[in-house]
Amino acid sequence: MGNAEVQSIHVHPVKAFRSLSLGEAVVEPWGLAGDRRWTLIDDGGKVVTQREQPRLALAAAEPLAGGGIRLSAPGHAPLTVRVPDPGPTVSVSVFGTKVEAVPAAAAAHAWCSAYAEADVRLVHMDDPATRRPVDPEYALPGETVSFADGYPLLVTTTASLDALNSLIAEGRHPHEGPLPMSRFRPNVVVAGTRPWAEDDWSRISVGEVVFRVVKSSGRCVVTTTDQDTAERGREPLYTLARHRRIGGRLIFGQNVAPLSPGTIRVGDPVRVLA
């Protein structure tokens, strides 16, 4: 793969909120430290994402010592939320899978509901080692995941984004491109590959950490949401449907799971092991 390396690293302290770029991150068995340990749920316990609430893209959560977060959003005073004490859990539905989580304080529910203009609650995954197994069809024994869509990390490549943007420029909605990588909400962005090289990966190393490539990432309407304005368009789904429809899904990026612990850093070499 030549001189492939990590271009950027991203975590999302609250699922569906704005991503946070880091210079380095600790890799935990269920994902990057601090990634998607919090999420919003509706009054029926279902996870709320940008699929239903595009404006969540404009809300931010700053990690604090001890696992707490500081919430901020346009037009709303910031709010500090600490990790809730151990106590009764609520049942959360993550795309049909039931997960137990601990509710945050009432002030957090009020803040999030005011911003979302809907009745939502903020919950925390207290024990990611046990709460949510990875889909058994694709998991190794004992693998778990945070509130990410399905797998511990998402990896994308700059070469594939460049190729996709070239296709968008030649297509029906050229005015919507070029798209930034933020549309795809990855954890790790890799530079220095050929376009779509990640389709052929099965095991990679990022610095000192080894990952197995679980499955390609099927994309949804969230990718059409401008992460800076919360406005929606047609791309990239229109172009992915024409050029990257694989097995009935629109593919961009790869879901991966760590096989070893460690810390990854921007600039780390990325090697294909299998």
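Look a little higher up for the structure.
Residues numbered from 1 in each chain as written. Predicted model: local features only at pLDDT ≥ 70, side-chain atom pairs only at ≥ 80, totals over all residues. Heavy atoms only, no water.

1. Quick notes on the sheet that holds strand β8 (residues 69–73)
Either a parallel or an antiparallel arrangement is found when strands of a sheet pair, and the pairing is made through backbone hydrogen bonds.
Inference 1: What the three strands build is an open sheet, ordered β7-β8-β9; its pairing is antiparallel. On the outer flanks of this sheet lie β7 (60–63) and β9 (76–81), each paired with one strand and no other. Strand-to-strand twist across the sheet, computed as the mean angle between neighbouring axes with direction ignored, equals 20 degrees.
Inference 2: Taken together, the four bridges between β7 and β8 define a ladder with antiparallel strand orientation. Within β8, the position partnered with alanine 61 by the bridge is leucine 71.
Inference 3: Most of the contacts of helix α1 (residues 106–116) go to β9, to which it runs at about 145 degrees, and overall it touches β8 and β9. (Pairing = 2+ DSSP bridges. Helix = DSSP H or I, 4+ residues; strand = E, 2+ residues; numbered from the N terminus. Axes fitted to C-alpha atoms, helices over the stretch in contact; angles between N-to-C directions. Contact = heavy atoms within 4.5 Å.)

2. Concerning the pairing of strand β5 (residues 38–42)
Inference 1: Taken across its five residues, β5 has four buried, putting it largely inside the fold.
Inference 2: Sheet topology note: the β5/strand β12 (residues 120–124) ladder contains five bridges and is antiparallel. Bridged to leucine 40 within β12 is leucine 122.
Inference 3: For β5 and strand β6 (residues 47–48), the ladder comprises two bridges, and the chain directions are antiparallel. Bridging across to β6, isoleucine 41 finds its partner in valine 47. (Buried < 20%, exposed > 50% of the residue type's maximum accessible area, 1.4 Å probe, protein only.)

3. A word on the layout of surface pockets
Inference 1: Quantified by volume, the largest pocket comes out at close to 780 Å³.
Inference 2: Elements represented by at least two residues in the lining of the largest pocket include exactly β13 (153–157), β16 (209–218) and β18 (249–258).
Inference 3: Residue contributions to the lining of the largest pocket peak at four residues, all from β16.
Inference 4: Residues that form the lining of the largest pocket fall into these classes: 15 nonpolar, 10 polar and 11 charged. (1 Å grid on protein atoms, 1.4 Å probe; cavity = no way out; pocket = protein on both sides within 12 Å on 5 of 7 lines; lining within 4 Å. Points joined across faces, edges and corners; volume = space filled by probe spheres on them. Nonpolar A, V, L, I, M, F, W, Y, C, P; charged D, E, K, R; others polar.)

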